[in-house]
Amino acid sequence: MTVKKEKLVLVGNGMAGVNAVEHLLKLAPDKYEVTIFGSEPHPNYNRILLSYVLSGDSKVEDIVIHPYEWYATNNITLYTNQTVTSIDTVTQTVTSDKGLTVSYDKLILATGSNPFMIPLPGADKEGVMAYRTIRDCEIMIESAKKYKKAIVIGGGLLGLEAARGFLNLGMKVDVVHIVDTIMERQLDRTASKMLQAALEEQGIHFLLEKQSAEIIGDKRVTGLKFKDGTVAEADLIVMAVGIRPNVALAKEAGVECNPGIIVNDYLQTNVPNVFAVGECAMHRGIAYGLVAPLYEQGAVLAKHLAGVETGPYEGSILYTKLKVSGVDVFSGGQFVDAEGTKAIRIHDEFTGVYKKVVIKENKIIGAVLFGDTADGTRLMQMIREETDISGMSKTSILTDSGGGSGGAASGVADMKNDAIICGCNGVTKGTICSAIRDQGLTTVDEVKNCTTASRSCGGCKPLVSDLLAFTLGDSYDKNAAKETICGCTTHTRDEVVAAIRDKGLSNVREVMNVMAWKNEEGCSKCRPALNYYLGMISPETYKDDSTSRFVNERMHANIQKDGTYSVVPRIYGGVTNPTELKRIAEVAEQFNVPTVKFTGGQRLDLLGVKKEDLTAMWEALDMPSGYAYGKALRTVKTCVGETFCRFGTGDSMAVGIELEKRFERLNTPAKVKLAVSGCPRNCAESGIKDLGVVSVDGGWELYAGGNGGVKVRVGDLLATVKTEQEIIEYTEAYLQYYRETGKYGERTSEWVHRVGIEHVREVVMNEEERKQLCERMDKALSVTQDPWKQAIDSKKIQRDLYEVVEIK
Ligand SMILES: Cc1cc2nc3c(=O)[nH]c(=O)nc-3n(C[C@H](O)[C@H](O)[C@H](O)COP(=O)(O)OP(=O)(O)OC[C@H]3O[C@@H](n4cnc5c(N)ncnc54)[C@H](O)[C@@H]3O)c2cc1C
Ligand SMILES: NC(=O)c1ccc[n+]([C@@H]2O[C@H](COP(=O)([O-])OP(=O)(O)OC[C@H]3O[C@@H](n4cnc5c(N)ncnc54)[C@H](O)[C@@H]3O)[C@@H](O)[C@H]2O)c1
Ligand code: SF4
Ligand code: FES
């Protein structure tokens, strides 16, 4: 008998809520049918790492913790870009701003915080903002391209990380702070002044003891006026003056708040079946603003909801590290001198190291470290365990400076097995060491993938590295960390491809078995990659493993954030005709398609299509798939060229159509976009495509590795050819070489940058190599089939992928 699942609704797709659900699914995978609402249009991402995105060290896509596939794999219904606006605690339902009502048996509120915006006159001007979300981060990065001077109000952790980001983006920046010491909530005066000096040296300008009075400017901000009458110029102002629990929804529903949502030690609110976790929750009078305590809360909540025995959540001891500034700063526990406390201080003005440990009744209760933070984790452990230090010497409490490298200096050897190494994720020394030994881990990245240690702020990476050195001894080479395909294996892309070729491996499972994959099921990173490499090596014999593909490629349509799909039929070279257009219009009407849109690649996108309508729509369209969802040739964009344009010297439309017909359905490591322009005016934007073709006097130029996306890259000249036949031949060789040597997921812009355009040129210009590459490409192209047609012809595919099954 199947047991009916309880309905669990999570409001807030952020760090705390999703972490709790992740724990819960591990403990009780079959207990709940989970629905998640998130106001932001993204899957769950690591907010902490926004500071690395802002400073240019990471990309937005690198900070996703759980991609959409994770939700699908765990049968979680996700509504992004959808805000829950009311809760009916009697009928136990929530309703969203899009009018969707979902019932719950258990409800978790994880609505986070709102940044506090000082209600200054002029605060509504353009260019005044908070720093909290991906969107904020994107606006800041965009603004830096146009504007030159930023002011950050607030010299706390967030404000300083924002200021450092602005410096990296090439802006001048003032940090305006209300008192005369920055980060006064985390540092004592000495450490604060040392930090200020280090940041001033980097170029941050501080305006201390300043009270903001008014934001000046017309439509857009031009400056900030202070109560003392002085003015600082700015064309962008970021307020980073703290956060407030986001409780409007809870309050409205009668859940007790003051000011956060009041919860007990099991994260229960005053309303039955309603729980709260994260920054919105108020536990024993504290609303936390750092992830470690939020994850501790989530662990207790998950156990409670799973029906697993758990102790109460009794509160957390806080510790923080400043990121991105390049200055090592640590603060933990109660670091302020008070009645009954004594402190050990080391201040080495030559090396710029300062350490202060606060002691009360023979126990360490807090610490501030500047310049060398290697003692941080050990001191936190002593604070948590309330270690009696009466028999200990000053030097055994604090190591001399210069720590942080090597297992000995950071003291990992002496730490107990239950010492917490990664505070953010609560991972102990014992767990990490066992994983290193049992799973054969050799790099920090592998430890991260296997145990989650270092997945959040990254502050514990040096300690994880020290634990690798401690566990593996001489065999650990810190610098030789090779780039493995993912955490499931210790092998690189090249090793895996070589093994598939040399050993004749023929399917995903076989590769994982033969190459001793640590995680025998693989993951969403390695399975699609292996599927691609196998297909690339043996196109004629390999049977594509659709279960190893991402959901869009499995469905042959792009899933949209509201759960509907988009349909983009192939329109060769972006050239169409009235018959085709009429058919598209009729199909759009027949299936009530809410939005029809031209894409950047000159295609028509039918958006908002229901899953169950997909195959019928494809049949009615009677056009091939445009592969808008795949790691494959997407589009060939063309200008009108010599046929109509008075500047044109080449028939760009004909060449574009021929290229698209030749390479449609070709699987590539990442998506590939082509363009053909009829003259160097380049109306088809050939300079920023994976391959761009431009007609020039007496022939055609081919540009390789261009990209117009996140990181714009202008393509490099690959070759100049005379005939249209040669365009096809050189394109074949270039794309095949990319297919054979690119890493799965790597765009041609990254690939060309990595292997070097001179090398690619050499390969493609070599007649013999070009011929062989073309032959292998021909084989790959000879076996492709249109996936939409396959789905139309197969009842089984329709049943397995597109039928909607009612869950009772
Ligand atoms: C730039 C930056 C750097 C940081 N660095 C660190 C750090 O180094 N270390 C550290 O420990 N902490 C850091 N923090 C703090 C940390 O990110 C937060 O403590 C943590 O993200 C809070 O998690 P949460 O789930 O409670 O809230 P959030 O992550 O804010 O998630 C709440 C989510 O709920 C959504 N939501 C709200 N109301 C609704 C509704 N009614 N319906 C649907 N969705 C809703 C919100 O849009 C949001 O996406 C940083 C924060 C920022 C902004
Ligand atoms: N590395 C990290 O751990 C990290 C990084 C970023 C953010 N965060 C977290 O994100 C949250 C928000 O960070 P935050 O720095 O905004 O909050 P915060 O409360 O930690 O610091 C705000 C700072 O702004 C100052 N301030 C207040 N009013 C002011 C005013 N009118 N003018 C000038 N200064 C003023 C305060 O004195 C304080 O130092 C916090 O919970 C923080 O812990 C943590
Ligand atoms: S690229 Fe040249 S040929 Fe093509 S449309 Fe522009 S001007 Fe005309
Ligand atoms: S301490 Fe933040 S990721 Fe480990």
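Owing to the predicted nature of the structure, the values given are computational and were not obtained by experimental measurement. (Residues numbered from 1 in each chain as written. Chains lettered and ligands numbered in written order. Predicted model: local features only at pLDDT ≥ 70, side-chain atom pairs only at ≥ 80, totals over all residues. Heavy atoms only, no water.)

J.: Residues and numbers for the sheet that holds strand β30 (residues 595-598), please.
T.: Across the sheet, which stays open at both edges, the 4 strands sit in the order β28-β29-β31-β30 with antiparallel pairing between neighbours. Of all strands in the sheet, those with a lone pairing partner are β28 (558-559) and β30, marking the two edges. Across 2 bridges, β28 lies against strand β29 (residues 565-567) in antiparallel orientation. The residue bridging I559 from the neighbouring strand is Y565, located in β29. (Pairing = 2+ DSSP bridges. Helix = DSSP H or I, 4+ residues; strand = E, 2+ residues; numbered from the N terminus.)

J.: Which residues make up a negative patch on the surface, and what values go with them?
T.: On the surface, E758, E762, E767, E768, E769 and E775 cluster together to form a negatively charged patch. Every element with two or more residues in the negative patch is listed here: α24 (757-765) and α25 (767-782). Tracing the sequence through the fold places E768 in helix α25. For E768, a relative accessible area of 44% puts it in the partly exposed group. (Patch = residues over 30% accessible without salt bridge, like charges linked within 9 Å, V, L, I, M, F, W, Y side chains within 5 Å. Areas by Shrake-Rupley, 256 points an atom, 1.4 Å probe, with all protein chains shown as cover. Salt bridge = Lys/Arg side-chain N within 4 Å of Asp/Glu carboxyl O. Lys, Arg positive; Asp, Glu negative; His and termini not counted. Charge placed at Lys NZ, Arg CZ, Asp CG, Glu CD. Buried < 20%, exposed > 50% of the residue type's maximum accessible area, 1.4 Å probe, protein only.)

J.: If you had to explain the packing of aromatic side chains to someone new, which residues and values would you point to?
T.: By the definition in use, this model includes 12 aromatic pairs. With a centroid separation of 5.6 Å and 85° between ring planes, the pair formed by W618 and Y802 is classed as edge-to-face. A residue pair is termed long-range when its members are at least 10 positions apart, and W618 in helix α20 (residues 614-621) and Y802 in helix α27 (residues 795-802) qualify at 184 residues. Each member of the pair W618 and Y802 is classed as buried. (Phe/Tyr/Trp six-rings, centres within 6.5 Å; stacked < 30°, edge-to-face > 60°.)

J.: Explain the nonpolar core to me, using residue names and the numbers behind them.
T.: One finds L160, F166, L195 and I432 to be the most contacted residues of the largest nonpolar core, which totals 71 residues. Ranked by the residues each element gives to this core, the list is headed by helix α5 (residues 157-168), at 6 residues. Apart from residues no more than four positions distant in its own chain, L195 is found in contact with L160, I182, M183, L187, L322, V327, V329 and F370. Within the second largest apolar cluster, 53 residues are counted, among which are W70, C257, V274 and A306. (Core = buried A, V, L, I, M, F, W, Y, C linked by side-chain atoms within 4.5 Å. Contact = heavy atoms within 4.5 Å.)

J.: Go over the site of ligand 1 with me, naming the residues and quoting the values.
T.: In the vicinity of ligand 1 lie 32 residues, with A16, E40, R132, E279 and K323 positioned nearest. In this structure, N246 approaches ligand 1 through a side-chain N or O atom, which is 3.4 Å from a nitrogen atom. (Near = heavy atom within 4 Å. Polar contact = N/O pair within 3.5 Å; in protein donor to acceptor, adjacent residues only side chain to side chain.)

J.: Tell me about the sheet that holds strand β2 (residues 32-37), and please be specific about residues and values.
T.: In space, the 5 strands of this open sheet follow the order β3-β2-β1-β7-β19, with parallel pairing throughout. The open sheet terminates on both sides in strands that have one partner only, identified here as β3 (77-79) and β19 (274-276). Taken pair by pair, the neighbouring strands of this sheet meet at an average axis angle of 20°, ignoring direction. For strand β1 (residues 6-11) and strand β7 (residues 106-109), the ladder comprises 4 bridges, and the chain directions are parallel. Pairing of L8 across the sheet is with K106, part of β7. Its contacts with the sheet place helix α1 (residues 15-27) against β1 and β2, and it is angled at close to 155° to β1. (Axes fitted to C-alpha atoms, helices over the stretch in contact; angles between N-to-C directions.)

J.: Which residues make up empty space enclosed by the protein, and what values do they have?
T.: Scanning all chains against the criterion turns up 1 cavity of 30 Å³ or more. For the largest cavity, the full set of lining residues is P528, N531, Y532, S548, R549, E553, K631, N667, T668 and Y744. Of all the elements, helix α17 (residues 526-537) adds the most residues to the lining of the largest cavity, at 3 residues. The residue makeup of the lining of the largest cavity, split by class, is 3 nonpolar, 4 polar and 3 charged. (1 Å grid on protein atoms, 1.4 Å probe; cavity = no way out; pocket = protein on both sides within 12 Å on 5 of 7 lines; lining within 4 Å. Points joined across faces, edges and corners; volume = space filled by probe spheres on them. Nonpolar A, V, L, I, M, F, W, Y, C, P; charged D, E, K, R; others polar.)

J.: Tell me about the site of ligand 2, residues and numbers included.
T.: Neighbouring ligand 2 are 21 residues; E161, E184, R185, G242 and K321 lie closest to it. One of the backbone N or O atoms of L157 is found 3.4 Å from an oxygen atom in ligand 2. Note that a nitrogen atom of ligand 2 is positioned 2.9 Å from one of the side-chain N or O atoms of E161. Protein contact buries 85% of the 850 Å² of open area that ligand 2 shows by itself. A total of 3 residues in the shell around ligand 2 trace back to one element, the largest contributor, which is α5. When grouped by side-chain class, the residues that make up the shell around ligand 2 number 10 nonpolar, 6 polar and 5 charged.

J.: An account of the environment of D414 is needed here, citing residue identities and associated values.
T.: If you trace the backbone, D414 turns up in the loop between α11 (406-409) and β26 (420-422). Distance in space between the C-alpha atoms of D414 and R378 is 9.2 Å, their sequence separation being 36 residues.

J.: Tell me what's going on with the UniProt feature "binding site: siroheme" (unreviewed entry) in the protein, and back it up with residues and numbers.
T.: UniProt feature "binding site: siroheme" (unreviewed entry): in the numbering of this structure it lies at C683. As for its placement among the helices and strands, C683 is situated in the loop between β33 (672-677) and β34 (691-696). (UniProt positions renumbered as here; feature names shortened; annotations may be inferred.)

J.: Lay out the UniProt feature "binding site: [4Fe-4S] cluster" (unreviewed entry) in the protein in plain terms, naming residues and giving numbers.
T.: When the UniProt feature table is mapped onto this chain numbering, "binding site: [4Fe-4S] cluster" (unreviewed entry) sits at C639, C645, C679 and C683. Sequence-wise these annotated residues cover 45 residues; spatially they are packed, their C-alpha atoms never more than 10.9 Å apart. Along the chain, the position of C645 falls in the loop between β32 (633-638) and α21 (652-663). Taking the relative accessible area as the measure of exposure, C645 reaches 30% and is therefore partly exposed. In this structure C679 comes out as buried when scored by relative accessible area, which is 7%. Once you skip the residues sitting within four places of it in the chain, C679 turns out to touch F647, G648, T649, V694 and S695.

J.: Please give an account of the pairing of strand β4 (residues 84-88) that cites residues and values.
T.: Pairing analysis gives 4 bridges linking β4 to strand β5 (residues 93-96), with the strands arranged antiparallel. In the strand pairing of β5, I87 is matched with V94. The turn linking β4 back onto β5 is made up of 4 residues, and Q92 within it adopts a positive phi angle of 55°.

J.: Give me unusual backbone geometry: which residues, what numbers.
T.: A cis amide bond, omega -20°, links N258 with the succeeding residue P259. Within the element layout of this structure, P259 appears in the loop between α7 (248-252) and β18 (261-263). The phi dihedral of N81 falls on the positive side, at around 55°, and the residue is not glycine. Considering the arrangement of structural elements, one finds N81 in the loop between β3 and β4. Even without being glycine, E209 reaches a positive phi, approximately 50°. Structurally, E209 is set in the loop between β12 (205-207) and β13 (212-217).

J.: Break down the pattern of salt bridges for me, citing the residues and quoting the values.
T.: Scanning all chains against the criterion turns up 42 salt bridges. Across the pair D375 and K355 runs a salt bridge whose closest N-O atoms are separated by 2.9 Å. Separated by 20 residues along the polypeptide, D375 in the loop between β25 (363-370) and α9 (376-385) and K355 in strand β24 (residues 353-360) bring together distant segments of the chain. Comparing D375 with K355, the two get one shared label, buried. The salt bridge partner of R549 is D544, with a shortest N-O separation of 2.8 Å. With relative accessibility at 17%, the residue R549 sits in the buried group. Three or more residues joined by partner-sharing salt bridges are found here, namely R570, R603, E660, E664, R665 and D786.

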